[in-house]
Amino acid sequence: MDPQPATASDGESRFVSLEAEIPEALYQGMKAFVGSNQAWDQSQVMSSALAQFLFQNGCSERAVTELYLDDLFSRSKV
């Protein structure tokens, strides 16, 4: 993993570029979901999935919890 932080001013979220290999079935499912849900893009799906995984597995970082809850309650439902 080679993190490449994007520039962000104080108060803005910092982003890291991430490259990962995933099973083709997951990629196809994500591609179909993003194609039929205009409120989402590939980056948002991956970020939301990671936040959900971390939160549900005991991560207590406030930023992770906020991302998880924001995605849970503010995205349009399928």
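As shown above, the structure is provided for reference.
The model shown is predicted, which means the values in this text are computed figures rather than measured ones.

Calculation rules
- Residues numbered from 1 in each chain as written.
- Predicted model: local features only at pLDDT ≥ 70, side-chain atom pairs only at ≥ 80, totals over all residues.
- Heavy atoms only, no water.
- Axes fitted to C-alpha atoms, helices over the stretch in contact; angles between N-to-C directions.
- Helix = DSSP H or I, 4+ residues; strand = E, 2+ residues; numbered from the N terminus.
- Parallel < 35°, antiparallel > 145°, perpendicular 65-115°, else oblique.
- Left-handed = near helix turned anticlockwise from the far one by under 90°.
- Contact = heavy atoms within 4.5 Å.
- Nonpolar A, V, L, I, M, F, W, Y, C, P; charged D, E, K, R; others polar.
- Expected span 1.5 Å × (residues − 1).
- Buried < 20%, exposed > 50% of the residue type's maximum accessible area, 1.4 Å probe, protein only.
- Arc of directions from axis to C-beta.
- Patch = residues over 30% accessible without salt bridge, like charges linked within 9 Å, V, L, I, M, F, W, Y side chains within 5 Å.
- Areas by Shrake-Rupley, 256 points an atom, 1.4 Å probe, with all protein chains shown as cover.
- Salt bridge = Lys/Arg side-chain N within 4 Å of Asp/Glu carboxyl O.

Asker: Give me the packing of helix 1 (residues 24-36) against helix 2 (residues 42-56): which residues, what numbers.
Answerer: In the contact formed by helix 1 and helix 2, the axes pass within 10 Å of each other and the chain directions differ by 120 degrees. Taken together, the axis directions place helix 1 and helix 2 in an arrangement best described as oblique. The handedness of the crossing between helix 1 and helix 2 comes out as right-handed. Residues Met30, Phe33 and Val34 of helix 1 lie in contact with helix 2, whose contacting residues are Gln42, Val45 and Met46. Counted by class, the contact of helix 1 with helix 2 contains five nonpolar, one polar and no charged residues.

Asker: Explain helix 3 (residues 62-74) residue by residue, including any values.
Answerer: For helix 3, with 13 residues, the first-to-last C-alpha span of 18 Å sits near the 18 Å given by 1.5 Å per residue. Of all the residues in helix 3, the buried ones are Val64, Tyr68 and Asp71. On an axial view of helix 3, the arc spanned by its buried residues comes to 70 degrees, and they lie on one face. Turned more than 90 degrees away from the buried face of helix 3, the exposed residues are Arg62 and Phe73. Close packing links the buried residues of helix 3 with helix 2.

Asker: Give me the lowdown on a nonpolar patch on the surface, citing residues and values where you can.
Answerer: A cluster of nonpolar residues, Ile22, Leu26, Tyr27 and Met46, forms a patch on the protein surface that exposes about 350 Å² of accessible area. With respect to the helices, strands and loops of the structure, methionine 46 is situated in helix 2.

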